[in-house]
Every structure is written in C-alpha cells, then in structure tokens.
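Structural description and commentary
Here's the letter readout for the chains.
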Amino acid sequence: MSHLLDLTAVQARAALEKGDFTSVELTKAYLDAAEQTKDLNNYVAMSEDKALAMAAKSDENYAAGKASALEGLPIGVKDLFATQGVTTTACSAILKNFVPPYESTVTSHLWSDGAVMLGKLNCDEFAMGSANETSVFGPAVNPYSPVGGADLAAGGSSGGSASSVAARSSIMATGTDTGGSIRQPAAFCGVVGMKPTYGRCSRWGIVAFASSLDQAGPFTRDVDDSALMFQSMAGHDPKDSTSATQELPDISGAMAAGVKGMKIGIPSEYQMDGMDETIIKLWQDGQAWLKDAGAELVEISLPHTKYALPVYYIIAPAEASSNLARYDGVRYGNRIEEGGSLDDMYEMTRAAGFGDEVQRRILIGTYALSAGYYDAYYLKAQKVRRLIRNDFDEAFQSVDAILTPATPTAAFPLGVKQADPITMYLNDVFTVPANLAGIPGMSVPAGVNKEGLPLGLQILSGAFAEDKMYAVAKEIERSAGFAATPSRKAGGAS
Ligand code: GLN
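Below, the structure is looked at part by part. (Residues numbered from 1 in each chain as written. Predicted model: local features only at pLDDT ≥ 70, side-chain atom pairs only at ≥ 80, totals over all residues. Heavy atoms only, no water.)

Considering the site of the ligand
Near the ligand there are 15 residues, and of these Thr178, Gly179, Ser181, Tyr312 and Arg361 occur at the shortest range. Ser181 is positioned with one of its side-chain polar atoms (N or O) 2.6 Å from an oxygen atom of the ligand. The contact in question runs from an oxygen atom of the ligand to an N or O atom on the side chain of Tyr312, over 2.7 Å. Of the residues that constitute the shell around the ligand, the class distribution is 5 nonpolar, 7 polar and 3 charged. (Near = heavy atom within 4 Å. Polar contact = N/O pair within 3.5 Å; in protein donor to acceptor, adjacent residues only side chain to side chain. Nonpolar A, V, L, I, M, F, W, Y, C, P; charged D, E, K, R; others polar.)

With respect to unusual backbone geometry
Excluding glycine, residues mostly have negative phi values, and the peptide bonds linking residues are mostly trans. For the bond from Gly156 to Ser157, the omega torsion is 10 degrees, close enough to zero to count as cis. Tracing the backbone shows Ser157 in the loop between strand 3 (116-121) and helix 6 (159-166). Even without being a glycine, Ala90 presents a positive backbone phi close to 55 degrees. Among the secondary structure elements, Ala90 is positioned in the loop between strand 2 (74-78) and helix 5 (105-112). (Helix = DSSP H or I, 4+ residues; strand = E, 2+ residues; numbered from the N terminus.)

Observations regarding the pairing of strand 11 (residues 454-461)
Counted residue by residue, strand 11 has 8 buried out of 8 residues, so it is predominantly covered. Covered by surrounding structure in strand 11 are Pro454, Gly456, Gln458 and Leu460 together with Leu455, Leu457, Ile459 and Ser461, the residues of both alternating faces. Here strand 10 (residues 441-448) runs beside strand 11; their pairing, made up of 7 bridges, is antiparallel. Across the sheet, residue Val448 finds its bridge partner in strand 11, namely Pro454. Hairpin connection between strand 10 and strand 11: a loop of 5 residues separates the two successive antiparallel strands, and Gly452 in this loop has a positive phi of roughly 85 degrees. (Buried < 20%, exposed > 50% of the residue type's maximum accessible area, 1.4 Å probe, protein only. Pairing = 2+ DSSP bridges.)

What about helix 8 (residues 223-233)?
With respect to burial, helix 8 is a largely interior element, 8 of its 11 residues being buried. Those residues of helix 8 not exposed but buried are Val223, Asp225, Ser226, Ala227, Met229, Phe230, Ser232 and Met233. Two or three places before Asp224, at the opening of helix 8, Asp222 has a side-chain oxygen 3.3 Å from that residue's backbone nitrogen. One or two steps after helix 8, the chain reaches Gly235, where phi turns positive at roughly 140 degrees.

What to know about the packing of helix 3 (residues 23-36) against helix 4 (residues 48-63)
Where helix 3 contacts helix 4, the axes come no closer than 8 Å and their chain directions differ by 155 degrees. In terms of axis orientation, helix 3 runs roughly antiparallel to helix 4. For the pair helix 3 and helix 4, the sense of crossing is right-handed. Contacts between helix 3 and helix 4 involve Ser23, Val24, Thr27, Lys28 and Leu31 from the first element and Glu48, Ala51, Leu52, Ala55, Ala56, Ser58 and Asp59 from the second. (Axes fitted to C-alpha atoms, helices over the stretch in contact; angles between N-to-C directions. Parallel < 35°, antiparallel > 145°, perpendicular 65-115°, else oblique. Left-handed = near helix turned anticlockwise from the far one by under 90°. Contact = heavy atoms within 4.5 Å.)

Some thoughts on the packing of aromatic side chains
Describing an aromatic ring pair means giving the distance of the ring centres and the angle of the ring planes. Taken as a whole and assessed by the stated rule, the structure comprises 14 aromatic pairs. Taken together, a centroid distance of 5.9 Å and an interplanar angle of 70 degrees make the contact between Phe126 and Phe354 edge-to-face. One end of the pair, Phe126, is in the loop between strand 3 and helix 6; the other, Phe354, is in the loop between helix 12 (342-353) and helix 13 (356-369), and 228 residues separate them in sequence. Here Phe354 falls in the buried class, since its relative accessible area comes to 5%. For the ring pair Phe392 and Phe396, a centre distance of 6.3 Å and an interplane angle of 20 degrees mean the geometry is stacked. (Phe/Tyr/Trp six-rings, centres within 6.5 Å; stacked < 30°, edge-to-face > 60°.)

Regarding the state of the cysteines
Taken as a whole and assessed by the stated rule, the structure comprises 0 disulfides. Left without a disulfide partner, Cys123 is nearest to the cysteine sulfur of Cys91, which lies 3.8 Å away. For Cys123, a relative accessible area of 0% gives the class buried. Cysteine Cys189 shares no disulfide, and the gap to the nearest cysteine sulfur, in Cys123, comes to 14 Å. (Disulfide = S-S within 2.5 Å.)

Some words on a nonpolar patch on the surface
Side chains of Tyr367, Tyr373 and Tyr377 sit close together on the surface and give an oily, nonpolar patch of about 290 Å² of accessible area. In this structure, Tyr373 sits in the loop between helix 13 and helix 14 (374-398). Residue class for Tyr373 comes out partly exposed when judged on its relative accessible area of 36%. (Patch = residues over 30% accessible without salt bridge, like charges linked within 9 Å, V, L, I, M, F, W, Y side chains within 5 Å. Areas by Shrake-Rupley, 256 points an atom, 1.4 Å probe, with all protein chains shown as cover. Salt bridge = Lys/Arg side-chain N within 4 Å of Asp/Glu carboxyl O.)

Considerations on the sheet that holds strand 4 (residues 172-177)
Spatially, 1-3-2-4-6-5-10-11-9-7-8 is the arrangement adopted by the 11 strands of the open sheet, whose pairing is mixed. In the strand order of this sheet, the two ends are held by strand 1 (43-46) and strand 8 (296-300), each with one partner. Across this sheet, the average inter-strand angle for adjacent strands is 30 degrees, counted without regard to direction. Taken together, the 2 bridges between strand 2 and strand 4 define a ladder with parallel strand orientation. The residue bridging Gly76 from the neighbouring strand is Ala173, located in strand 4. Set on the sheet, helix 4 makes contact with strand 1 and strand 3; between it and strand 3 the angle comes to about 155 degrees.

Structure (structure tokens):
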C-alpha cells in the first residue's frame, strides 16, 4: 500500500474522484501507517471510529457526485485544536483527559470540506518549545533520524504534525505558529509549512498561547497541497475578534503566473553567526533559482531584526501568563486538592499540572507585566515590535516577497538543547519576526545537508498577500526538486 501513502492530497483527491480507491481504503491505510510508525510518537490520540465514519460518509458523497474540496482526505490535527468528543490536551498534564464539548472553527472548516480526522498530534506543552520535548507525552521523533542512530528532533512546537506528514501517517496536518512552530518543524522534517497572515484563520477553539501572535496553518508534502488546505482553513469568523475580513487572493492564479518580474528582497541581517554552511549555500542557490526564473533580486535591510528574539520572549510569555491563568483547577482540566485553602488548591494544581518550560514562561511573563517592570519590559517590547513591523512595511514598498533561510541549522539530536533555554530559543531567530509583524511566512524544503537532513527556505510576503508568497514557494519547489524521503516512514524507505 506504500504508493497510496505517497500520493499528495491533490493526487489522492483526483484518484478518489476517479474511483481508484475509496476513502475508507485510504483512511485504513493511514490508520495502519500510524500504527506502523508508533515509535515516532507523533500521535497522542487516535480517533479511529470517527475517521472510518467520516470516510464512509465521504464515499457516499463521491457516489452522489457531491464531493467537497478535501473530500475523503485523512488528516491529523495538532492537539491544540479543540475537537468535539476527542481529547484535547495541549500536551499538558493540566488538560490530560480534557474532552471539549465544541469544535474549533478551523477544524470545522476542514470537516465541512470533507476531510477525515485521523487523530490528535503531539506538540510542545501549550505550544511552548522548538523540539516537541516539553510535551507530557514525550517528544515526537524526526522520521529522518538515522536508522540505528540518535533520534533527532522533529522541531516544535508542531513536531507531531511535521513528523506525521513526512512519515506518511497523515496526508496533511494542522499546526499553529506563534514564533515559528509551523515553519521550523516543517524545515526539520522536509515538508511544507505555512503560517498565514495574522487574522486569516480563526483562533476560536485553539488553546491560546500568545493571542496577538498565534496563527493556525497547514503542513503538507508540497506547495499545491498547502494552498488547497489553507483555503479551507481560512475565513472570517465573528467568534474571533481579531479575525480578518479580507478576501483570499487568487493563489492558484499567482502560482501559475510564476515569479517573472517579481522583486525578491534579500535581507542582509539574516546572515548570522553559527549558521550551517550548507544553509548559507542553499540560500544563495534559492536566489539564483528565482533570478533564473525571471525575478529581480533586491538587497534590503530589516534593521531591527536583532531585537526580534528578545521582544518575542517578552511579549509571548506576557500573553501566555495571562492566557494560562484560566487553568486554576476550577474551570478546566485537572485539580489537585489535598485539604487546605482555595489558594493552596490553585498552587498545587498549577505546580503539578504545568511542566518546567510553561512555568518558566508564566514566571517571565508575570514579571514583565508586574508594576515597576511593565514599562521597562512589556511596553518597551511593544514599541520595538512596532519598529520591526515598520521595517517590513517599508521593505514591501519595494519588494513583493522576501527570501531567507527557515532555520539556522538542520534538525539536532533530541536532548541536546533542552537544558539551556537560550540555545533552544535561538532556533526561532528567522521565524519570529513574521509573527511580530503579522505577515505570512512559509518554509519549503529545498535541499539537504551533508548528513542528508532536510533544509528549508523561508518565503515572507506582505500582510494578506499570500498569493505572492505561494508564487515564490512554487518556484523554489520546482527549482529545488527536493526528492529526499525519510528513512523511517510508513511502508518503508522508497
Ligand atoms: N519556539 C517558539 C517558542 O517556544 C515558538 C513556539 C510557537 O510558535 N508556538 O515559543
């Protein structure tokens, strides 16, 4: 069945339409694949009965000639999206066994477009991390990990999503990106990951981390699938006050038109110490590919880039400390009560329910927001955030899109960075600026390093101009001809 699992979503959708196989067959193949690749630890809950019922319904829809855009395609859902009747834990002990009575807007869109839900995917606890190591379920493993060698990080926080799409245990998957959590794991696992413009995808029903930065987006095996899934996930939602009303641009039209005549910005500030040489070379290759395809390269400056990481690590924890106040043992999830006062109950519940990284963020955020430090940290960070956004606004006056590396390194072995939070935070250096500015960003697999590990190039565009980003992504994909497959995928290596 391995060929079935190697089909992209667009190919599988066409084959389902033709009747080459049924959605029930495809779904069973994916459920088997999840079972076969259990050691990658990318699923934290399977929804087998739901999957088979949804697939059967899709088969009926095909038979009746009423198939929707994603009809019968089996997808995985990051365990941060509320799924009605299926556990939603944010991979935290405090929400273990929480079963939401409602469905997130984004996943509702996917189901109404016919997608089939396989299960919930592993991620860092409350999406805080870059290696999926803060999950209460343990880390997802990168399917490119050498057979018999050390397990590599799938990236984070959406490590399970990236690992699963690469390992063929889901055809596509949802993710969320607050500071890079879609793009970095996508780069590590050799798949396409896209963070839309802030406001494109409703945040309603997604466990909140940092509300002014959080965005949902798709993980897919190629750029066409990404566009397909994004168009289903996006849309205005009155239940999210920051949801955008802007219409989606013509993405397929832009991809067909190509990059000829487009201006591509190359920011000098993204050349950093400690970057893999192969990544620098890949970035240069990417520039050459776009030039050959008729784009014009423009050197640009984003002078406040160096402040993005420190600004992010004040604003994100500040918002998190406020968002996570709701987990008090009263309204949601687990409660630890051993006598004593109400305050004792809060304290014990939160001490037992939150892991170290989450507690660290709550402490940093509470500190940054406290009287006496608010102006020096939080307010200052907000002001610098505006400068970072201004840099992009100015750049997009003269360029259509920006090309950068997605990450400073390829996937690293699990365990090596967890002890030192700063080293871990450095992973996000190329991805956080887009979240701070609210603009879309995408990682496309474009090459491998000496060890054969995937590397991604990042494409950024102006707010609500995803069409331009996709046009560049499509060209990068075409020119790169990335053909690596993971050593540990379902159906065996091909
Ligand atoms: N790695 C970043 C962090 O730990 C980003 C996480 C995310 O985008 N959810 O905060």
